[in-house]
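Listed below, chain by chain, are the residues.
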Amino acid sequence: MSDKYTRQTHIPFDKQILTYVFYAATQCPLIRVADVFGISEASVFNIIASLSELITKNLLREFVRWPEGNRVNDILHGFKEAQGFPGVIGAIDGSHVPIRAPETFPENYINRKGYHSINCMAVCDHEHFFTDIFIGWPGSTHDARVFGNSPLHTAATNHLENTFPQNCHMIGDSAYGLDNFIMVPFKDFGNLTRDQKNYNFKLSSTRMKIEHSFGILKGRFRRLKYIDMGDMEKLNAFISSCFVLHNITLTTEDAFDDFLADGLEGSDPDDPDVFHIQVRNEFGVQKRNTIVGILNEQNVP
């Protein structure tokens, strides 16, 4: 291992790991973390920065991976089992991580709820594993714009069949635009048909996986409820490292019910109508209407 990650030579590496985990799992101030482990605040900061970079650079691609091969079929089947919604490879959403006001352009980081944050885009599968993340956009940035600038969107538009095999798609709320690779609800002006309402209900119920995934993440790593860190590069690396560790902990079959309840407590409710995106893709329209028919047939006795 590079000396860069062990430069706290007077601190054993296992103690550095425990320091990182304690910091990530609690909301204790830095001075409290330092007292617990008998080290300086500067050492705690350096440990967090070094291990965040280490985890992100070496483990992110291994543990946060877009589905391929047999895993695609497992996910399609897993999502369909919930409400019968077909062809779902992932649920997408954005989640805000509260931060202290940055020194540069702090106004850009004020989200629609009025606090400074980082907007984190993520996609999860039916087992709460994150399969794609895009971290670092200021809190004022709309979810659709974050997605539109993401590598996943580029892959979807340029390599659709490779990224979304078997004509599959993600599901999202109405903050996203309807497209062949992402299904969203019908806008409800009070004139939806019974079948369209049924579609909206089943999409929303299936999409709860991403909300629960964020809840588990923030319940396990409570530091994500507020990060007091000035260096944006280090802050984004820390957030990314928490996503990586979330996926790693799920592989251990660790129970997460308590983390879910804690992570969802006080979370901002979805309010997609504030930024509703109009339908923009005729193939998406056709595909959504086809799914409406499929779901309607499921309800026929």
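Bear in mind that the values here come from a model prediction, so they are computed numbers and not experimental data.

About the criteria used
Residues numbered from 1 in each chain as written. Predicted model: local features only at pLDDT ≥ 70, side-chain atom pairs only at ≥ 80, totals over all residues. Heavy atoms only, no water. Pairing = 2+ DSSP bridges. Helix = DSSP H or I, 4+ residues; strand = E, 2+ residues; numbered from the N terminus. Contact = heavy atoms within 4.5 Å. Axes fitted to C-alpha atoms, helices over the stretch in contact; angles between N-to-C directions. Buried < 20%, exposed > 50% of the residue type's maximum accessible area, 1.4 Å probe, protein only. Expected span 1.5 Å × (residues − 1). Arc of directions from axis to C-beta.

(A) Spatial organisation of the sheet that holds strand β1 (residues 88–98). As summarised here, the arrangement of the 5 strands in space is β3-β2-β1-β4-β5, forming an open sheet in which the pairing is mixed. Among the strands making up the open sheet, the edge pair consists of β3 (130–138) and β5 (182–183). Relative to strand β4 (residues 169–171), β1 runs parallel, the two sharing 3 bridges. The residue bridging Ala91 from the neighbouring strand is Ile171, located in β4. Strand contacts of helix α9 (residues 232–250): β1, β2 (117–124) and β3, with the helix running at about 160° to β3, the strand carrying the most contacts.

(B) Spotlight on the pairing of β3. Counted residue by residue, β3 has 8 buried out of 9 residues, so it is predominantly covered. Of the pairings in the sheet, the one linking β2 to β3 comprises 6 bridges and is antiparallel in character. Bridging from a neighbouring strand, Cys124 pairs with Phe130 of β3. From the end of β2 to the start of β3, which pair antiparallel, there are 5 residues, and His128 there has a positive phi angle of about 75°.

(C) A look at helix α11 (residues 282–299). The end-to-end C-alpha distance of α11 is 26 Å, a good match for the 26 Å that 18 residues give at a rise of 1.5 Å each. Restricting attention to buried positions, one finds in α11 the residues Gly284, Lys287, Arg288, Ile291, Val292 and Leu295. All buried residues of α11 fall inside an arc of 150° around its axis, so they share one side. Facing away from the buried surface of α11 by more than 90 degrees, the exposed residues are Glu282, Phe283 and Glu297. The secondary structure elements touched by the buried residues of α11 are α4 (70–83), β4, β5 and α8 (194–220).

None of this, on its own, says anything about what the molecule does.
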